[in-house]
Amino acid sequence: MGIIKDKFEAKSKQEAQDIKALLKENGSKVIGEVTLSQIYSGMRGITGLVSETSLLDAQDGIRFRGYSIPELQEKLPRAEGGTEPLPEGLFLLMLLGEIPTKEDVDYLTNQWQRRSHVPKHVFHVIDALPLTAHPMTMFVSGVMALQTESNFAEAYSKGLNKSDYWKHVFDDAMDLIARLPHIAAYIYRKKYKFGEYISPNGLLDWAGNFAHMLGYKGHDFAELMRLYMTIHADHEGGNVSAHTTHLVGSALSDPYLSYAAGMNGLAGPLHGLANQEVIKWIFEMQESLGTDSPSKEQIGEYVKQTLASGKVVPGYGHAVLRKTDPRFTAQMDFGKKHMPDDKLCQTVWNIYDVVPEILKATGKVKNPWPNVDAHSGALLVHYGFKEYEFYTVLFAVSRSLGVMASLCWDRALGQSIERPKSVTTELVKKWLKGEDAIWGE
Ligand code: HAX
């Protein structure tokens, strides 16, 4: 890991100096205003965080260090005979800010293989849970059990110089990412495949080996995993999973604790759990309509029923995006290339034709377009991966790449403990009457 760590040290030291100079000159510049509505509605639109790894534009979608998803597909190294990017390459791009070579990516694959050993007690903790437990509960429990291995926690307890925090966070980040596919695949095989576990294959790349341990063979599924692990990795810093990881890490909780906290947020149905909710909703629609190829009219009626019963249409809407999510488009392109006649994918595409107009007509949904979760399940089902309760675990494994690269940056830049100011409604009322103007104390 020496080469990557040395490169990161040089880059982050330079960046820390630049930020110091930038703040000295411009630290008191005002970058926006905050309205009362914003503090009552999830702080939407308030710029309050720095996250180096990616940036989300409401119209164009996500860019990782300036690169769009089609650009990543073109520029990042691929597996032999493949067309999708290797997620190792995206991780290096997020960490170091440069498109890596195939040699760099192969080196990282090798390093992660060497670090992938999972101690037995982690599996024992997962085994202690009932088989009925949700896979995300099993996954986060496994990650918490793995916290015994934290370099950062051990070094901190012995006494650690502030300037060395990042070094141990870096090592934990690498170990954690390396180990997650094994933990996730163990849960999948335990819960759905009668505990018939598959040993890792040290010759495969990170996502290819994950596909192998899950038990899915064939080039196309491995390619889907490479694409999936790449596009779900990061979505700038304010989403629940990234922000939570950053927030918990800001208290110097180690990377295992921080990541586990973030993934508990990913497990919410308005965030990462939406991928299971989408496919569940489509299966329920098929059952209720008695067909696996519902017409657009039937879909439209079903969507209206969903809204009338006070539920959200899963996979649609976004807090920041105002156009179709390019992560949805990348998956639709994959579907059109590999499975153009798949009935479930065709249903997803028909839903895409129908839902936006209905959501627009409500007059309140700010983004009627599909997000990343609207498509992923249909691609997985095509390869026989129907256990939709597991889908958020796939998302979580991918998300480790973004949140861990970010956590390395947080510590290398010496970011502070996060602590925004909150107020009470009583204070707001007094302030509105001019009786109390004290904010921010
Ligand atoms: N179906 C029905 N109503 C929706 C909706 C949808 N897909 N999306 C938004 N709305 C509603 C909101 O519930 C809100 O209603 P109320 O005023 O009655 O509370 C109103 O429209 C305005 O909401 P908004 O400003 O457009 O959206 P928010 O920023 O508040 O919320 C969400 C963004 C993603 C949470 C929202 O669009 C949603 O619930 N979508 C469905 C769940 C989903 O797909 N989540 C995954 C998002 C992507 C992600 O994080 N993946 O991990």
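One can find the structure itself at the top, above this paragraph.
These numbers were taken from a predicted model, which means no experiment stands behind them. (Residues numbered from 1 in each chain as written. Predicted model: local features only at pLDDT ≥ 70, side-chain atom pairs only at ≥ 80, totals over all residues. Heavy atoms only, no water.)

Caption draft 1: Local environment of the overall build of the protein. When its secondary structure is counted, the protein shows 20 helices and two strands. The burial tally for the protein puts 50% of its 441 residues in the buried class. Counted over contacts in the protein with a minimum sequence separation of 6, partners at least 24 positions apart contribute 75%. In the structure as shown, the protein presents an accessible area of about 20400 Å², 53% of it carried by carbon and sulfur atoms. Positive and negative side-chain charges in the protein, numbering 47 and 53 respectively, have mean positions lying 3 Å apart. (Helix = DSSP H or I, 4+ residues; strand = E, 2+ residues; numbered from the N terminus. Buried < 20%, exposed > 50% of the residue type's maximum accessible area, 1.4 Å probe, protein only. Contact = heavy atoms within 4.5 Å. Areas by Shrake-Rupley, 256 points an atom, 1.4 Å probe, with all protein chains shown as cover. Lys, Arg positive; Asp, Glu negative; His and termini not counted. Charge placed at Lys NZ, Arg CZ, Asp CG, Glu CD.)

Caption draft 2: Examining a nonpolar patch on the surface more closely. Where nonpolar side chains cluster on the molecular surface, the patch consists of Val34, Ile39 and Tyr40 and spans about 290 Å² of accessible area. For Tyr40, the position within the fold is in helix α2 (residues 36-40). Judged by relative accessible area, which is 49%, Tyr40 ranks as partly exposed. (Patch = residues over 30% accessible without salt bridge, like charges linked within 9 Å, V, L, I, M, F, W, Y side chains within 5 Å. Salt bridge = Lys/Arg side-chain N within 4 Å of Asp/Glu carboxyl O.)

Caption draft 3: A look at the site of the ligand. Around the ligand there are 21 residues in total, and Gly315, Tyr316, Lys364, Lys366 and Asp373 lie nearest to it. Between the ligand and Gly272 there is a distance of 3.4 Å, counted from an oxygen atom to a backbone nitrogen or oxygen. Take Lys364: an N or O atom from its side chain is 2.8 Å from an oxygen atom of the ligand. Across the shell around the ligand, the residue classes tally to 11 nonpolar, six polar and four charged. (Near = heavy atom within 4 Å. Polar contact = N/O pair within 3.5 Å; in protein donor to acceptor, adjacent residues only side chain to side chain. Nonpolar A, V, L, I, M, F, W, Y, C, P; charged D, E, K, R; others polar.)

Caption draft 4: The arrangement of the nonpolar core in detail. In terms of nonpolar packing, the biggest core is built from 120 residues, with Leu95, Phe139, Met225, Tyr259, Phe385 and Leu394 touching the most fellow members. Sorting elements by how many residues they give to this core places helix α9 (residues 165-192) first, with 16 residues. Once residues within four sequence positions are removed from consideration, Tyr259 is found in contact with Phe139, Val143, Leu176, Leu180, Thr245, Ala396, Val397, Ser400, Val403 and Met404. (Core = buried A, V, L, I, M, F, W, Y, C linked by side-chain atoms within 4.5 Å.)

Caption draft 5: Representation of the pattern of salt bridges in the model. Taken as a whole and assessed by the stated rule, the structure comprises 18 salt bridges. The partner of Glu98 in a salt bridge is Lys7, and the shortest N-O contact between them spans 3.6 Å. Here Glu98, found in the loop between α4 (87-96) and α5 (102-114), pairs with Lys7, found in helix α1 (residues 2-26); they are 91 residues apart in sequence, far enough to count as distant. Given a relative accessible area of 33%, Glu98 falls into the partly exposed group. A salt bridge links Asp171 to Arg115; its shortest N-O distance comes to 3.8 Å. Highlighted residues: Asp171 in helix α9 and Arg115 in the loop between α5 and α6 (120-127), separated in sequence by 56 residues. One salt-bridge network, in which partners are shared between bridges, spans Lys5, Arg115, Asp171 and Asp175.

Caption draft 6: Layout of the environment of Glu74. Position of Glu74 relative to the elements: it lies in helix α3 (residues 69-75). Separated by 171 residues in the primary sequence, Glu74 and Thr245 place their C-alpha atoms 30 Å from one another.

Caption draft 7: Molecular detail of helix α16 (residues 326-338). Along its 13 residues, α16 runs 18 Å from first to last C-alpha, staying within 8% of the 18 Å computed at 1.5 Å per residue. Taken together, the buried positions of α16 are Pro326, Arg327, Phe328, Ala330, Gln331, Met332, Phe334 and Gly335. Structurally, α16 contributes buried residues whose contacts are with β2 (61-64), α3, α11 (219-231), α17 (343-362), α18 (376-382) and α19 (391-412). (Expected span 1.5 Å × (residues − 1).)

Caption draft 8: Here's a closer look at α11. With 13 residues, α11 should reach 18 Å at 1.5 Å per residue; the first-to-last C-alpha distance of 19 Å fits that figure. Across the 13 residues that make up α11, a large majority, 11, are buried. What α11 keeps buried is the set Phe221, Ala222, Glu223, Leu224, Met225, Arg226, Leu227, Tyr228, Met229, Thr230 and Ile231.

Caption draft 9: Looking closely at the packing of aromatic side chains. On inspection of all chains with the given rule, the structure shows 25 aromatic pairs. Through pairs of rings, three or more aromatic residues link up here, namely Tyr188, Tyr192, Tyr216, Phe221, Tyr383, Phe385, Phe390 and Tyr391. Over the face of the ring belonging to Trp349 we find Lys336, whose NZ or CZ atom lies 4.8 Å from the ring centre. (Phe/Tyr/Trp six-rings, centres within 6.5 Å; stacked < 30°, edge-to-face > 60°. Lys NZ or Arg CZ within 6 Å of the ring centre and 35° of its normal.)

Caption draft 10: Fine view of the packing of helix α13 (residues 255-266) against α19. Contact geometry for α13 and α19: axes closest at 10 Å, N-to-C directions at 135°. Here α13 is positioned oblique relative to α19, judged by the angle of their axes. You can see that α13 and α19 cross each other, and the crossing is right-handed. Residues Pro255, Ser258, Tyr259, Met263 and Leu266 of α13 lie in contact with α19, whose contacting residues are Thr392, Phe395, Ala396, Val397, Arg399, Ser400, Val403, Met404 and Leu407. Of the residues assigned to the contact of α13 with α19, the class counts are 10 nonpolar, three polar and one charged. (Axes fitted to C-alpha atoms, helices over the stretch in contact; angles between N-to-C directions. Parallel < 35°, antiparallel > 145°, perpendicular 65-115°, else oblique. Left-handed = near helix turned anticlockwise from the far one by under 90°.)

Caption draft 11: Quick look at the packing of helix α14 (residues 274-289) against α19. Orientation of α14 relative to α19, taken along the N-to-C sense of each, is 150°, at an axis distance of 7 Å. Between α14 and α19, the angle falls in the class roughly antiparallel. When you trace α14 past α19, the crossing you get is right-handed. From α14, Asn275, Gln276 and Ile279 reach across to α19, where they touch Tyr391, Thr392 and Phe395.

Caption draft 12: Up close: the pairing of β2. As judged from the four bridges shared by strand β1 (residues 54-57) and β2, these two strands associate in the antiparallel manner. Note that in β2 the partner of Leu55 across the bridge is Arg63. In this antiparallel pair of consecutive strands, β1 and β2, the connection spans three residues. (Pairing = 2+ DSSP bridges.)

Caption draft 13: Fine view of the environment of Gly384. On the secondary structure map, Gly384 appears in the loop between α18 and α19. Linking Gly384 and Val397, residues 13 residues apart in sequence, is a C-alpha distance of 20 Å.

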